[in-house]
Amino acid sequence: KGKRKRTEIMNGQMITVTQCDLRRDLQINPTAKTYMVSPYDDGEVISNEKVSATQTKSVKTTKGGTMYITTTNKDTGERRQMFGFNARHIIQTIEMESTPDSCNPMKSKMEIDAWVIDETFGFDCDRTQDYQSFQRPQATGGCRDKIVPKTIGTAKSGYPLIQKMTFFDDKGSVQSTMTQEVLELSKATLDASLFDVPGDYRQVKDSSEMYAATSW
């Protein structure tokens, strides 16, 4: 919905709301009525004028080192019809390597093999902010690295209908794979309240506090 996106997993027991207009993600636990804020900004404070009554402004974060993220995009040239759209087969490789003084020194790679379509379904977000999802802090006000992105290739991304993600460790060995597939697609208009924190929810600082009152 505009610059916001809502994702539900585990039958709605875990919810993530991407708020590109406020440059942050919200992790929401509806069972415990708690939520956690993960800001995109590296030390930037969101002013009160940009924050609603149900939201808490971000605090300054501790700067770490530098995270280099190289994204390589390749269009295979293959096409197929899916849900009435002309889907494109693309392969995207994302390599991440940080400096020794970073918050969590790491070296890893992820490959995404996907069929995508040229449809955003109203979601409008600065793609460069997606890099922040690789280093969500454990708590608001935690350590955050400087992100240095680099893109190779001109293949255009899009909305994935089928995608297989393969994760590699620092030695290039496969750690795990995950496949996602769209089974149903709708363009129904959703209520704006789904993309914000309910007024009676309590903000917490970390995951342990967020799920402390939850029994699975």
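Reference entry: report on the structure contained in this document. (Residues numbered from 1 in each chain as written. Predicted model: local features only at pLDDT ≥ 70, side-chain atom pairs only at ≥ 80, totals over all residues. Heavy atoms only, no water.)

## Some words on the overall build of the protein
This is how it is decided: Numbering goes from the N terminus for both helices and strands, where a helix is a DSSP run of H or I of at least four residues and a strand is a run of E of at least two. With a 1.4 Å probe rolled over the protein chains alone, any residue whose accessible area is under 20% of its type maximum counts as buried; one over 50% counts as exposed, and the rest are partly exposed. In these tables, accessible area is a Shrake-Rupley quantity obtained with a 1.4 Å probe, and a residue counts as shielded only by the protein chains included in the view.
Scanning the protein from terminus to terminus reveals one helix and eleven strands. Secondary structure of the protein in N-to-C order comes out as β-β-β-β-β-β-β-β-β-β-β-α. A burial count over the protein gives 36% of its 216 residues as buried. Approximately 12600 Å² of the protein is accessible, and the part contributed by carbon and sulfur atoms is 49%.

## Notes on the sheet that holds strand E8 (residues 143–152)
Note the cut-off: A pair of strands is treated as paired once DSSP finds two or more bridges between them. Simply put, an axis is a line fit to the C-alpha atoms, just over the touching stretch for a helix, and the angle between two N-to-C directions goes from 0 to 180 degrees.
As summarised here, the arrangement of the six strands in space is E8-E5-E6-E7-E9-E10, forming an open sheet in which the pairing is mixed. Looking at which strands have only one partner, the edges of the open sheet turn out to be E8 and strand E10 (174–181). Across the sheet, the mean angle from the axis of one strand to that of its neighbour is 20 degrees, orientation sign disregarded. Looking at chain direction, strand E6 (residues 85–98) and strand E7 (residues 107–117) are connected through ten bridges and run antiparallel. When the bridges of E7 are listed, Arg88 appears paired with Val116.

## Topic: the sheet that holds strand E2 (residues 14–19)
Spatial ordering of the open sheet is given by E1-E2-E3-E4-E11, a layout of five strands whose pairing is mixed. A single partner strand is all that each edge strand has here, and the edge strands are strand E1 (4–9) and strand E11 (202–203). Bridge count between E1 and E2: six bridges; the pairing is antiparallel. Along E2, the bridge assignment pairs Thr7 with Thr16.

## Digging into the nonpolar core
Cut-off, in case you're wondering: In this description, a nonpolar core means a group of buried Ala, Val, Leu, Ile, Met, Phe, Trp, Tyr and Cys residues linked to one another through side-chain atoms lying within 4.5 Å.
Among the nonpolar cores identified, the biggest contains eleven residues, and these are Met67, Ile69, Ile90, Ile94, Met96, Met110, Ile112, Ala114, Val116, Ile147 and Met165. Secondary-structure elements contributing two or more residues to this core are strand E5 (62–82), E6 and E7.

## Here we look at the pattern of salt bridges
Stated formally: Salt bridges are defined by distance alone: a side-chain nitrogen of Lys or Arg within 4 Å of a carboxyl oxygen of Asp or Glu.
Across all of its chains, the model carries nine salt bridges by this definition. Note that Asp21 and Arg4 form a salt bridge whose closest N and O atoms lie 2.9 Å from each other. Here Arg4 lies in strand E1 and Asp21 lies in the loop between E2 and strand E3 (24–29), a separation of 17 residues in the sequence. The exposure class of Asp21 is partly exposed, given its relative accessible area of 37%. For Lys171, the salt bridge identified is with Asp170, shortest N-O distance 3.8 Å. Take Lys171: its relative accessible area is 70%, and that puts it in the exposed class. The class for Asp170 is partly exposed, based on a relative accessible area of 45%.

## So, the environment of Met106
To keep things clear, this is the line we draw: We call two residues in contact whenever any of their non-hydrogen atoms come within 4.5 Å of each other.
Topologically, Met106 is positioned in the loop between E6 and E7. Residue contacts for Met106: discarding those within four places in its chain leaves Met67, Met96, Glu97 and Ser98.

## Topic: the packing of aromatic side chains
This is how the line gets drawn: Centres within 6.5 Å are what make two rings of Phe, Tyr or Trp a pair, Trp counting through its six-membered ring; a difference in plane orientation under 30 degrees is then read as stacked, over 60 as edge-to-face, and the rest as tilted. To sit over a ring, a charge needs its Lys NZ or Arg CZ within 6 Å of the ring centre and within 35 degrees of the ring normal.
If you walk through the whole model with that rule in mind, you get zero aromatic pairs. The side chain of Arg80 reaches across the aromatic face of Trp115, ending 5.0 Å from its centre. The aromatic ring of Phe168 is capped on one face by Lys109, whose charged end is 4.7 Å from the ring centroid.

## What about the environment of Phe85?
If you trace the backbone, Phe85 turns up in strand E6. Classification of Phe85 as partly exposed rests on a relative accessible area of 21%. For Phe85 and Asp118, which are 33 residues apart along the polypeptide, the C-alpha to C-alpha distance reads 8.2 Å. Apart from the residues lying within four places of it in its own chain, the contact partners of Phe85 are Arg80, Ile117, Glu119 and Leu185.

## Observations regarding the pairing of E5
Here E5 pairs with E8 via nine bridges, running parallel. In the sheet register, Tyr68 faces E8, and the bridge partner there is Val148. When E5 meets E6, the two strands line up antiparallel, connected through 13 bridges. Each residue of the ladder has a partner; that of Thr70, found in E6, is Glu95. Following E5, the chain reverses through two residues before pairing antiparallel with E6; Phe83 in that reversal takes a positive phi of roughly 55 degrees.

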